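# Survey of secondary and tertiary structure
What follows is each chain in one-letter form.
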Amino acid sequence: MAIRNVRTEGDDILRKKSRVVEKFDRRLWDLLDDMGDTLAQQNGVGLAGVQVGALRRVFIIDVGDENGVIEFVNPEILEQSGSQRVLEGCLSFPGQWGMVTRPDHVKIRAQDRRGRWFERVGEGLMAQAMVHEYGHLDGHAFKEDPTFTPVSEEELEAMTAGEG
Ligand code: NI
(Lines give C-alpha, C1' and ligand atoms only; values in the text may rest on other atoms or scores of the structure.)
Protein backbone atom coordinates (compact mmCIF):
# COMPACT_ATOMS: atom_id res chain seq x y z
CA MET A 1 0.00 0.00 0.00
CA ALA A 2 1.27 3.42 -0.90
CA ILE A 3 -0.01 6.92 -1.15
CA ARG A 4 1.06 8.66 -4.35
CA ASN A 5 1.66 12.35 -4.76
CA VAL A 6 -1.33 14.07 -6.40
CA ARG A 7 -0.33 16.41 -9.24
CA THR A 8 -1.91 19.83 -8.98
CA GLU A 9 -2.70 22.84 -11.14
CA GLY A 10 0.33 24.14 -13.00
CA ASP A 11 1.76 20.66 -13.57
CA ASP A 12 1.82 20.21 -17.36
CA ILE A 13 1.09 16.50 -17.12
CA LEU A 14 -2.55 17.30 -16.32
CA ARG A 15 -2.97 18.64 -19.88
CA LYS A 16 -1.58 15.53 -21.59
CA LYS A 17 -3.52 12.75 -23.24
CA SER A 18 -3.24 9.40 -21.48
CA ARG A 19 -2.26 6.25 -23.38
CA VAL A 20 -4.23 3.05 -23.81
CA VAL A 21 -3.36 0.30 -21.29
CA GLU A 22 -2.07 -2.81 -23.06
CA LYS A 23 -0.54 -4.84 -20.23
CA PHE A 24 -2.72 -6.03 -17.38
CA ASP A 25 0.20 -6.85 -15.17
CA ARG A 26 1.54 -6.30 -11.66
CA ARG A 27 2.58 -2.77 -12.55
CA LEU A 28 -1.02 -1.85 -13.44
CA TRP A 29 -2.34 -3.53 -10.27
CA ASP A 30 0.17 -1.62 -8.13
CA LEU A 31 -0.94 1.62 -9.78
CA LEU A 32 -4.63 0.84 -9.18
CA ASP A 33 -3.98 -0.23 -5.57
CA ASP A 34 -2.01 2.93 -4.88
CA MET A 35 -4.70 5.05 -6.54
CA GLY A 36 -7.27 3.44 -4.23
CA ASP A 37 -5.15 4.23 -1.17
CA THR A 38 -4.58 7.78 -2.37
CA LEU A 39 -8.27 8.38 -3.07
CA ALA A 40 -9.24 7.09 0.36
CA GLN A 41 -6.59 9.18 2.11
CA GLN A 42 -7.82 12.30 0.27
CA ASN A 43 -11.50 11.51 0.84
CA GLY A 44 -12.10 11.94 -2.87
CA VAL A 45 -14.80 10.57 -5.18
CA GLY A 46 -12.60 9.90 -8.20
CA LEU A 47 -8.99 9.81 -9.33
CA ALA A 48 -7.40 9.37 -12.76
CA GLY A 49 -3.97 7.85 -13.41
CA VAL A 50 -2.60 11.12 -14.75
CA GLN A 51 -3.34 12.77 -11.42
CA VAL A 52 -0.69 10.58 -9.81
CA GLY A 53 1.68 10.98 -12.77
CA ALA A 54 0.72 7.84 -14.75
CA LEU A 55 -0.39 8.77 -18.28
CA ARG A 56 -2.54 5.70 -18.73
CA ARG A 57 -6.24 5.48 -19.51
CA VAL A 58 -7.40 4.45 -16.04
CA PHE A 59 -9.54 6.01 -13.38
CA ILE A 60 -11.24 4.90 -10.20
CA ILE A 61 -14.47 6.09 -8.60
CA ASP A 62 -15.85 5.60 -5.10
CA VAL A 63 -19.15 7.36 -4.47
CA GLY A 64 -19.27 6.02 -0.94
CA ASP A 65 -21.89 3.32 -1.51
CA GLU A 66 -21.77 -0.46 -1.12
CA ASN A 67 -19.89 -0.87 -4.42
CA GLY A 68 -16.70 0.58 -2.98
CA VAL A 69 -13.96 1.51 -5.43
CA ILE A 70 -14.75 0.80 -9.08
CA GLU A 71 -11.80 0.60 -11.49
CA PHE A 72 -12.14 1.62 -15.14
CA VAL A 73 -9.35 0.73 -17.56
CA ASN A 74 -9.52 1.97 -21.17
CA PRO A 75 -13.03 3.39 -20.65
CA GLU A 76 -15.28 4.53 -23.47
CA ILE A 77 -18.45 6.54 -22.94
CA LEU A 78 -21.24 4.73 -24.82
CA GLU A 79 -24.20 6.91 -23.82
CA GLN A 80 -24.93 10.05 -21.89
CA SER A 81 -28.27 11.74 -21.34
CA GLY A 82 -30.14 14.10 -19.08
CA SER A 83 -28.50 16.91 -17.17
CA GLN A 84 -27.78 17.96 -13.62
CA ARG A 85 -26.33 21.21 -12.32
CA VAL A 86 -23.89 20.15 -9.64
CA LEU A 87 -21.15 21.39 -7.33
CA GLU A 88 -17.79 19.99 -8.33
CA GLY A 89 -14.18 20.04 -7.20
CA CYS A 90 -11.03 18.11 -8.11
CA LEU A 91 -8.12 16.75 -6.06
CA SER A 92 -5.77 18.41 -8.57
CA PHE A 93 -7.36 21.83 -7.91
CA PRO A 94 -7.49 21.93 -4.12
CA GLY A 95 -9.79 24.53 -2.62
CA GLN A 96 -11.40 25.35 -5.97
CA TRP A 97 -15.08 24.65 -6.50
CA GLY A 98 -17.67 25.44 -9.10
CA MET A 99 -21.03 24.57 -10.57
CA VAL A 100 -21.03 22.51 -13.76
CA THR A 101 -23.70 20.95 -15.91
CA ARG A 102 -23.19 17.19 -16.27
CA PRO A 103 -25.28 14.40 -17.75
CA ASP A 104 -27.19 12.50 -15.11
CA HIS A 105 -27.10 9.17 -16.92
CA VAL A 106 -23.87 7.76 -18.36
CA LYS A 107 -23.03 4.33 -19.72
CA ILE A 108 -19.37 3.33 -19.91
CA ARG A 109 -17.65 0.31 -21.40
CA ALA A 110 -14.29 -0.44 -19.81
CA GLN A 111 -11.90 -3.20 -18.82
CA ASP A 112 -11.24 -4.36 -15.28
CA ARG A 113 -7.73 -4.90 -13.89
CA ARG A 114 -7.53 -8.31 -15.56
CA GLY A 115 -8.60 -7.02 -18.95
CA ARG A 116 -12.20 -8.26 -18.88
CA TRP A 117 -14.66 -5.90 -20.57
CA PHE A 118 -17.75 -4.74 -18.68
CA GLU A 119 -20.45 -2.11 -19.01
CA ARG A 120 -21.63 0.09 -16.20
CA VAL A 121 -24.42 2.66 -15.97
CA GLY A 122 -24.02 5.59 -13.61
CA GLU A 123 -26.60 8.09 -12.44
CA GLY A 124 -26.35 11.19 -10.26
CA LEU A 125 -22.96 11.46 -8.57
CA MET A 126 -21.63 8.39 -10.38
CA ALA A 127 -22.53 9.89 -13.78
CA GLN A 128 -20.93 13.19 -12.77
CA ALA A 129 -17.74 11.47 -11.64
CA MET A 130 -17.54 9.29 -14.77
CA VAL A 131 -17.57 12.34 -17.03
CA HIS A 132 -15.19 14.32 -14.81
CA GLU A 133 -12.65 11.48 -14.66
CA TYR A 134 -12.97 10.71 -18.35
CA GLY A 135 -12.01 14.33 -19.04
CA HIS A 136 -8.70 13.84 -17.21
CA LEU A 137 -7.73 11.09 -19.68
CA ASP A 138 -7.77 13.64 -22.49
CA GLY A 139 -6.08 16.40 -20.50
CA HIS A 140 -9.23 18.32 -19.63
CA ALA A 141 -9.82 20.00 -16.30
CA PHE A 142 -13.30 20.58 -14.89
CA LYS A 143 -12.67 24.33 -14.73
CA GLU A 144 -12.40 24.41 -18.54
CA ASP A 145 -15.90 23.06 -19.02
CA PRO A 146 -17.96 25.73 -20.82
CA THR A 147 -20.72 25.35 -18.22
CA PHE A 148 -18.35 25.95 -15.28
CA THR A 149 -19.01 28.87 -12.94
CA PRO A 150 -16.77 29.32 -9.91
CA VAL A 151 -18.08 29.14 -6.36
CA SER A 152 -16.14 31.10 -3.72
CA GLU A 153 -15.18 29.71 -0.32
CA GLU A 154 -17.86 31.91 1.27
CA GLU A 155 -20.55 30.73 -1.13
CA LEU A 156 -19.44 27.16 -0.57
CA GLU A 157 -19.77 27.53 3.19
CA ALA A 158 -23.26 28.96 2.75
CA MET A 159 -24.23 26.08 0.41
CA THR A 160 -22.94 23.38 2.73
CA ALA A 161 -24.10 24.96 5.98
CA GLY A 162 -26.19 22.46 7.85
CA GLU A 163 -24.46 19.44 6.32
CA GLY A 164 -22.34 19.28 9.46
NI1 NI B 1 -10.46 15.70 -11.15
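The notes below deal with the structure included here. (Residues numbered from 1 in each chain as written. Predicted model: local features only at pLDDT ≥ 70, side-chain atom pairs only at ≥ 80, totals over all residues.)

## Remarks on the pairing of strand β2 (residues 58-61)
Definition in use: Each residue is classified by how many other C-beta atoms fall within 10 Å of its C-beta atom, where C-beta atoms are placed from the backbone; a count of 20 or more means buried, 12 or fewer means exposed, and values in between mean partly exposed. Helix and strand labels come from DSSP, where a helix needs a run of H or I of at least four residues and a strand needs a run of E of at least two; each type is numbered from the N terminus. At least two bridges found by DSSP between two strands are what make those strands a pair.
Residues of β2 alternate between two faces, with Val58 and Ile60 on one and Phe59 and Ile61 on the opposite face, all of them buried. Across three bridges, strand β1 (residues 46-48) lies against β2 in antiparallel orientation. Each residue of the ladder has a partner; that of glycine 46, found in β2, is isoleucine 61. Pairing geometry for β2 and strand β3 (residues 70-81), over four bridges, is antiparallel. Within β3, the residue paired with valine 58 across the bridge is valine 73.

## A look at the sheet that holds strand β6 (residues 105-111)
Inclusion rule: For every element, the axis is a line fit to its C-alpha atoms; helices are fit only across the contacting stretch, and the angle between N-to-C directions ranges from 0 to 180 degrees.
The sheet built from five strands is open, its strands ordered β1-β2-β3-β6-β7 with antiparallel pairing. With partners counted over all chains shown, the strands left at the sheet margins are β1 and β7 (117-123), one partner each. On average, each strand axis in the sheet is tilted by 35° relative to the strand beside it, whichever way the strands run. With six bridges joining them, β3 and β6 adopt antiparallel strand pairing. The residue of β6 that forms the bridge with valine 73 is glutamine 111.

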